[in-house]
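Spelled out from the first residue to the last, the chains are:
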Amino acid sequence: MAVYQIPVLSSAGKRELAADLPQEVNPHLLWEVVRWQLAKRRRGTASTKTRGEVAYSSRKIYPQKHTGRARHGDIGAPIFVGGGVVFGPKPRDYGYTLPKKVRKKGLAMAVADRAKEGKLLLVEDFAGVNGKTKEFLAWAREAGLDGSESVLLVAESELVRRAARNLPWVVVLAPEGLNVYDILRTERLVMDLKAWEAFQDRLGGKE
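A.B. asks: Just checking my understanding: could you explain the sheet that holds strand β6 (residues 188-192) for this structure?
C.D. replies: Note: strands within a sheet are paired through backbone hydrogen bonds, in either parallel or antiparallel orientation. Read across the sheet, 6 strands follow the order β2-β1-β3-β6-β4-β5 without closing on themselves; strand pairing throughout is mixed. With one partner strand each, in any of the chains shown, β2 (13-21) and β5 (170-173) form the two edges of the open sheet. Averaged over all neighbouring strand pairs, the angle between strand axes comes to 25 degrees, with direction disregarded. Relative to β5, strand β4 (residues 151-154) is paired through 4 bridges, and the arrangement is parallel.

Right, dumping it as structure tokens:
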């Protein structure tokens, strides 16, 4: 573990908060967690019909012998256009189990990676933000966020999330939704102190 000095922004000014986060980031472990997340999100509704399920008669299409043509059964056979599909997809669940210890470590590493790059910002209060997008834009400009980088905003306040959710460069999450995939697919991570506390609780085993 390493100690990172993370900037905390408030209406009273800027200060720093010391946090213990992993020193080394394991790319393969992050890949495992992202793969698990995306597998859980797959709907798994792809479905094809077998030759027994297609809407065709099961009658043999012509006699077995003396026609000069190849032997065939019913017209729903896979060899015919519109016939059944052999070994096609059926509805299934793509999710699988990933150890909780691995998930926690992956989340800690993803946050540590943003902290190491200087791309993690904690916010004590979103002064002047009361649900309007223009209010969030004014706050973001003062905080040094101009839309040139994608931002993951994790905030307890519904008003703050509502104010930012229409901006194309902001991804908005509630504290309990913080995850590795969204951290890695955005360039900056902005969290309020409630979200930071919830993150610390998750690392401590209280999730």
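What follows picks up the thread again.
A.B. asks: So what exactly am I meant to see when it comes to unusual backbone geometry here?
C.D. replies: Glycine aside, negative phi is the norm for most residues, and most peptide bonds take the trans geometry. Of note in this structure, His66 is not a glycine but carries a positive phi near 70 degrees. With respect to the helices, strands and loops of the structure, His66 is situated in the loop between α1 (27-41) and α2 (100-116). Classification of His66 as exposed rests on a relative accessible area of 82%. In this structure, Phe87 takes a positive phi of about 55 degrees despite not being glycine. Inspection of the secondary structure assignment puts Phe87 in the loop between α1 and α2.

A.B. asks: Please explain the packing of α2 against helix α6 (residues 193-203) as it appears in this structure.
C.D. replies: How two helices sit against one another is set out by the angle between their axes and by the gap between those axes. Closest axis-to-axis distance for the α2/α6 pair is 9 Å, and the angle between their directions is 140 degrees. When the axis of α2 is compared with that of α6, the two are oblique. Crossing handedness for the pair α2 and α6: left-handed. Every residue of α6 that contacts α2 at Lys104, Leu107, Ala108 and Val111 is listed here: Trp196, Phe199, Arg202 and Leu203. A per-class count over the contact of α2 with α6 returns 6 nonpolar, no polar and 2 charged.

What counts as what
- Residues numbered from 1 in each chain as written.
- Predicted model: local features only at pLDDT ≥ 70, side-chain atom pairs only at ≥ 80, totals over all residues.
- Heavy atoms only, no water.
- Pairing = 2+ DSSP bridges.
- Helix = DSSP H or I, 4+ residues; strand = E, 2+ residues; numbered from the N terminus.
- Axes fitted to C-alpha atoms, helices over the stretch in contact; angles between N-to-C directions.
- Buried < 20%, exposed > 50% of the residue type's maximum accessible area, 1.4 Å probe, protein only.
- Parallel < 35°, antiparallel > 145°, perpendicular 65-115°, else oblique.
- Left-handed = near helix turned anticlockwise from the far one by under 90°.
- Contact = heavy atoms within 4.5 Å.
- Nonpolar A, V, L, I, M, F, W, Y, C, P; charged D, E, K, R; others polar.

That is the geometry; function is a separate question.
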